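Examination of the molecular architecture
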Amino acid sequence: MHGGFHPKSSDLRLYTKRREGGRGLVSVRTTVQEETTSLREYIKKLAPTDLLLSECLRQQKPTKEEEPEGLSWKDKPMHGMYHRQIEEVADIEKTYQWVTKAGLKDSTEALLMAAQEQALSTRAIEARVYHTRQDPRCRLCGDAPETVQHITAGCKMLAGKA
């Protein structure tokens, strides 16, 4: 509603810690699972000495353990590309320091993260992902595919000016 999350951005990144490059929101599902697990462990620990807890443990239905979260935003082919590229050559904690220390507005932070995740609508994305365009080449130089990296660092038309 206020631009704090880009519509094409990875929702998995919302629940990743800020020092790891995420938005740092607390997941209600994860919190409930952690609390349930802690209560189960507490009941199992005290059941031998407490009759009420031992009866509770006896009547408790066996539950299947929750499977760990599968895919993270870093594993997604498009959203995790930037992270995988810098992971080998840079210190991840220092790379994402701007998330915790810059004090940016939510909408600015969302736009920057969407750019890192290749979620902005460029000609290359429109051609390769959405299949709404035939030609993925840059509209300014016409040489390379128009990606976020090309626009910010590789376009010869923008390199000398903007």
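Described below are features of the structure shown in this document.

Criteria and cut-off values
Residues numbered from 1 in each chain as written. Predicted model: local features only at pLDDT ≥ 70, side-chain atom pairs only at ≥ 80, totals over all residues. Heavy atoms only, no water. Helix = DSSP H or I, 4+ residues; strand = E, 2+ residues; numbered from the N terminus. Rg over C-alpha atoms; globule rule 2.2 N^0.38 Å. Contact = heavy atoms within 4.5 Å. Areas by Shrake-Rupley, 256 points an atom, 1.4 Å probe, with all protein chains shown as cover. Salt bridge = Lys/Arg side-chain N within 4 Å of Asp/Glu carboxyl O. Buried < 20%, exposed > 50% of the residue type's maximum accessible area, 1.4 Å probe, protein only. Axes fitted to C-alpha atoms, helices over the stretch in contact; angles between N-to-C directions. Parallel < 35°, antiparallel > 145°, perpendicular 65-115°, else oblique. Left-handed = near helix turned anticlockwise from the far one by under 90°. Nonpolar A, V, L, I, M, F, W, Y, C, P; charged D, E, K, R; others polar.

Turning next to the overall build of the protein. Each helix and strand counted, the protein has 9 helices and 0 strands in total. Scanning the protein from its N terminus toward the C terminus, one meets helices and strands in the order α-α-α-α-α-α-α-α-α. In summary, the protein has a C-alpha radius of gyration of 23 Å against a globular reference of 15 Å for 162 residues, an excess of more than 25%. Seen through its C-alpha atoms, the protein measures out along the principal axes to roughly 75 × 35 × 35 Å. Considering only intrachain contacts with a sequence separation of at least 6, the fraction spanning at least 24 residues in the protein is 43%. Summing over all exposed atoms, the protein offers an accessible surface of approximately 11,700 Å²; the carbon and sulfur share of this is 55%.

This brings us to the pattern of salt bridges. Tallied over the entire structure, the rule returns 8 salt bridges. Measuring nitrogen to oxygen at the nearest pair gives 2.7 Å for the salt bridge that ties E146 to R139. Here E146 falls in the buried class, since its relative accessible area comes to 3%. Since its relative accessible area comes to 52%, R139 is described here as exposed. With a shortest N-O distance of 2.7 Å, D143 and K156 are connected by a salt bridge. Placement of the pair is D143 in the loop between α7 (123-128) and α8 (148-154) and K156 in helix α9 (residues 156-159), with a sequence separation of 13 residues. K156 sits in the exposed class, given a relative accessible area of 55%.

The next point concerns the packing of helix α1 (residues 28-46) against helix α2 (residues 51-59). Put simply, α1 and α2 touch, their axes get as near as 8 Å, and they point 125° apart. Accordingly, the angle class assigned to the pair α1 and α2 is oblique. You can see that α1 and α2 cross each other, and the crossing is left-handed. Of the residues in α2, those in contact with I43, K44 and L46 of α1 are L53, C56 and L57. Taken together, the residues that form the contact of α1 with α2 break down as 5 nonpolar, no polar and 1 charged.

This part is about the environment of A115. Here A115 is to be found in helix α6 (residues 106-116). A115 sits 30 residues away from P145 along the chain, and the two C-alpha atoms are 15 Å apart. If near-sequence neighbours (up to four positions away) are discounted, A115 is found in contact with L120 and V148.

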